[in-house]
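This is what each chain is made of:
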Amino acid sequence: MRRAPTSPSRVDPEREAALADLDPLTVTKLWDNPCWLSFRLNFIAFRFNDPVYRWIETRYGLVRPEFVALYAVGLKEGVAAKNIVASSGLPKNTLSRAVQKLLQRRLLKRETDPADLRSYVLHLTPAGRNIFDETMGPMIQHQATMLAGLSGDEQRQLCVLMDKLVIASPAWPQELQPEPHKTTGDLA
């Protein structure tokens, strides 16, 4: 079984001590695992998202899909809900409910898309803009804390490598097509 290219090593005592602070199953899933990349990406995303979404729900009463929609519109005014679905991975019905709640709370407003009069685009209201602006500082600080262990050059290198993965992602299969398992009768 293949493992992560940077398997835990007893050669670096500082790294060994840092790994000892992690749950043993976490170490196994992130290093001793043939799917190390996806597990590490999910681990890091969770470590960012969990405290952020818990804070936003407590402070603003917005659950994750609602904030995902509000944040997307804050980044790009005049976006359609279908674009938020495509960029977030949220199911269409989940996002639709989230947008409806944001419209009811008057955090978003919906307008006819001038480029396609059959469609709607979303904009932040002043109250929605206030929430977006208030959340940016703590989120940026949280990200800076996470990146603090990397030098400026390492941060740029990480960004370049992540760029490559994101750019290549449209070529990845959308559905898994597992190979059929051979039975003992197929081994003749």
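Residues numbered from 1 in each chain as written. Predicted model: local features only at pLDDT ≥ 70, side-chain atom pairs only at ≥ 80, totals over all residues. Heavy atoms only, no water.

1. Observations concerning the overall build of the protein
Broken down by element type, the protein carries eight helices and two strands. Listing each helix as α and each strand as β along the protein from the N terminus yields α-α-α-α-α-α-β-β-α-α. Taken against the 2.2 N^0.38 rule, which gives 16 Å for 188 residues, the C-alpha radius of gyration of the protein at 21 Å runs more than 25% over that of a compact globule. Projected onto its principal axes, the C-alpha coordinates of the protein cover approximately 60 × 50 × 30 Å. Counting all 188 residues of the protein, 25% fall into the buried class. At a minimum sequence separation of 6, the contacts of the protein that also span at least 24 residues come to 52%. Summed over all atoms, the accessible surface of the protein reaches about 13800 Å², with 58% contributed by carbon and sulfur. (Helix = DSSP H or I, 4+ residues; strand = E, 2+ residues; numbered from the N terminus. Rg over C-alpha atoms; globule rule 2.2 N^0.38 Å. Buried < 20%, exposed > 50% of the residue type's maximum accessible area, 1.4 Å probe, protein only. Contact = heavy atoms within 4.5 Å. Areas by Shrake-Rupley, 256 points an atom, 1.4 Å probe, with all protein chains shown as cover.)

2. Quick look at the pairing of strand S1 (residues 108–113)
The pairing of S1 with strand S2 (residues 116–124) spans six bridges and is classified as antiparallel. Directly across from Glu 111, in S2, lies its bridge partner Val 121. Connecting S1 to the next strand, S2, in antiparallel fashion are two residues. (Pairing = 2+ DSSP bridges.)

3. Considering the packing of helix H2 (residues 24–31) against helix H3 (residues 36–60)
Running from N to C, H2 and H3 cross one another at 130 degrees; their axes reach a closest spacing of 7 Å. If you check the angle between H2 and H3, you find them oblique. Side by side, H2 and H3 meet where Thr 26, Lys 29, Leu 30 and Trp 31 of the first sit next to Trp 36, Phe 39, Arg 40 and Phe 43 of the second. Residues of the contact of H2 with H3, tallied by class, amount to five nonpolar, one polar and two charged. (Axes fitted to C-alpha atoms, helices over the stretch in contact; angles between N-to-C directions. Parallel < 35°, antiparallel > 145°, perpendicular 65-115°, else oblique. Nonpolar A, V, L, I, M, F, W, Y, C, P; charged D, E, K, R; others polar.)

4. Notes on the pattern of salt bridges
As enumerated under the stated definition, the model contains seven salt bridges in all. The partner of Lys 109 in a salt bridge is Glu 111, and the shortest N-O contact between them spans 4.0 Å. Connected through salt bridges with shared partners, the residues Glu 77, Arg 129 and Asp 133 form a single ionic network. (Salt bridge = Lys/Arg side-chain N within 4 Å of Asp/Glu carboxyl O.)

5. Quick word on the nonpolar core
By size, the foremost hydrophobic cluster in this structure holds 27 residues, and its most contacted members are Leu 62, Leu 70, Ile 84 and Leu 108. If one sorts the elements of this core by residue count, helix H4 (residues 64–75) sits on top with six residues. In contact with Ile 84, not counting residues within four places along its chain, are Ala 69, Ala 72, Val 73, Val 79, Leu 95 and Leu 122. Ranked by size, the runner-up nonpolar core spans five residues in total, among them Ala 4, Val 27, Leu 30 and Trp 31. (Core = buried A, V, L, I, M, F, W, Y, C linked by side-chain atoms within 4.5 Å.)

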